[in-house]
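Working through the structure, step by step
Chain residues, written in single-letter form:
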Amino acid sequence: MTEITNNLFGMPTRFSYPGSVVVENTFQKEMEAADTRITEEQKMAQFKKEFWAEVASIPKTPTIDNLVINVTEEGWKRMQEEPEYREKMMALIRRDTMGHFCRQVDSVITIGGTAEEYLAHSQGSLYSNFNRHMNENSYIERKEKRKRYMQEIFEKMREKRLFEKKKWQELEMKVSRIGGFYE
């Protein structure tokens, strides 16, 4: 007697032949294994969904008109890997959204890969130019641009000092050859 069962796709999953020889369809096993595996992207998407649900549950002070929370890729990875880092960032978000301001403000919070990269910035709603801060990388880009600018200034100052030092050395050599200024 032959027994055939079909899966969802209409493909046979098990055949039983007389003589009790059983042959199983490996495609069905592979499909079941693929269903149980969760990709890293799916894990991250689920983590982000849980994070935003927790952020949404935080009560905010009525003096905040607009709130943007930017999280860098490094920040997402670290919060997913280290629950204590996530809790620390959530505590900082609670602190910065529960504070009272003397007027209506727009707030931008940036979470990076380290605690030092956390930044909460609030500015009066009338003067905030809020849309400029909505870009996820705006704070980091401004910080890197400022760093490059300061390095350029430092390099120019260094070159100027080297030039002045060289001129002083040349002047000292001339003075030592002549024997002094007052001879």
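Located above this text is the structure these notes cover.
So, a few notes on the structure that sits alongside this text.

Calculation notes
- Residues numbered from 1 in each chain as written.
- Predicted model: local features only at pLDDT ≥ 70, side-chain atom pairs only at ≥ 80, totals over all residues.
- Heavy atoms only, no water.
- Pairing = 2+ DSSP bridges.
- Helix = DSSP H or I, 4+ residues; strand = E, 2+ residues; numbered from the N terminus.
- Axes fitted to C-alpha atoms, helices over the stretch in contact; angles between N-to-C directions.
- Phe/Tyr/Trp six-rings, centres within 6.5 Å; stacked < 30°, edge-to-face > 60°.
- Buried < 20%, exposed > 50% of the residue type's maximum accessible area, 1.4 Å probe, protein only.
- Contact = heavy atoms within 4.5 Å.
- Core = buried A, V, L, I, M, F, W, Y, C linked by side-chain atoms within 4.5 Å.
- Arc of directions from axis to C-beta.

Looking now at the sheet that holds strand 6 (residues 119-124). Taken together, the three strands give an open sheet; going across it, the order is 4-5-6, and neighbouring strands pair in mixed fashion. Here the strands that pair on one side only, and so sit at the sheet edges, are strand 4 (64-71) and strand 6. In this sheet, adjacent strand axes meet at a mean angle of 15 degrees when their direction is disregarded. Bridge analysis of strand 4 against strand 5 (residues 105-111) gives seven bridges, and the strand direction is parallel. Looking at the pairing, Val-68 lines up with Val-108 of strand 5.

Turning our attention to the packing of aromatic side chains. Applying the stated rule across the entire model yields four aromatic pairs. A ring pair is formed by Phe-47 and Trp-76, whose centres lie 6.1 Å apart and whose planes are at 85 degrees; its orientation type is edge-to-face. Linking Phe-47 in helix 2 (residues 40-56) with Trp-76 in helix 3 (residues 73-81), this pair joins segments that are 29 residues apart in sequence. Assigned by exposure class, Phe-47 and Trp-76 land together as buried. Ring geometry for Trp-52 versus Trp-76: centroids 5.7 Å apart, planes at 75 degrees, classification edge-to-face. In this pair, Trp-52 is assigned in helix 2 and Trp-76 in helix 3, connecting sequence segments 24 residues apart.

The subject of this paragraph is the pairing of strand 5. The element strand 5 is extensively covered by neighbouring structure, given that seven of its seven residues are classed as buried. Covered by surrounding structure in strand 5 are Val-105, Ser-107, Ile-109 and Ile-111 together with Asp-106, Val-108 and Thr-110, the residues of both alternating faces. The sheet contact formed by strand 5 and strand 6 spans six bridges and is antiparallel. Considered in strand 6, the bridge of Val-105 is made with Gly-124.

Looking now at the side chain of Thr-97. Topologically, Thr-97 is positioned in helix 4 (residues 83-98). When sequence neighbours within four positions are dropped, the list of residues in contact with Thr-97 reads Ile-58, Pro-59, Lys-60, Thr-61, Ile-64, Leu-67 and Ile-109.

Judged by nonpolar contacts, the single largest core of 17 residues is most densely connected at Phe-51, Met-79, Ile-93 and Ile-111. Put simply, the parts of the chain that give this core at least two residues each are helix 2, strand 4, helix 3, helix 4 and strand 5. Those residues within four positions of Ile-93 in sequence are excluded, and the remaining contacts are Phe-51, Val-55, Ile-58, Ile-69, Ile-109, Ile-111 and Tyr-118.

Time to look at helix 3. Taken together, the buried positions of helix 3 are occupied by Gly-75, Trp-76 and Met-79. Buried residues in helix 3, looked at end-on, bunch into an arc of 100 degrees, giving them a common side. Within helix 3, the exposed residues directed more than 90 degrees away from the buried face are Glu-74 and Glu-81.

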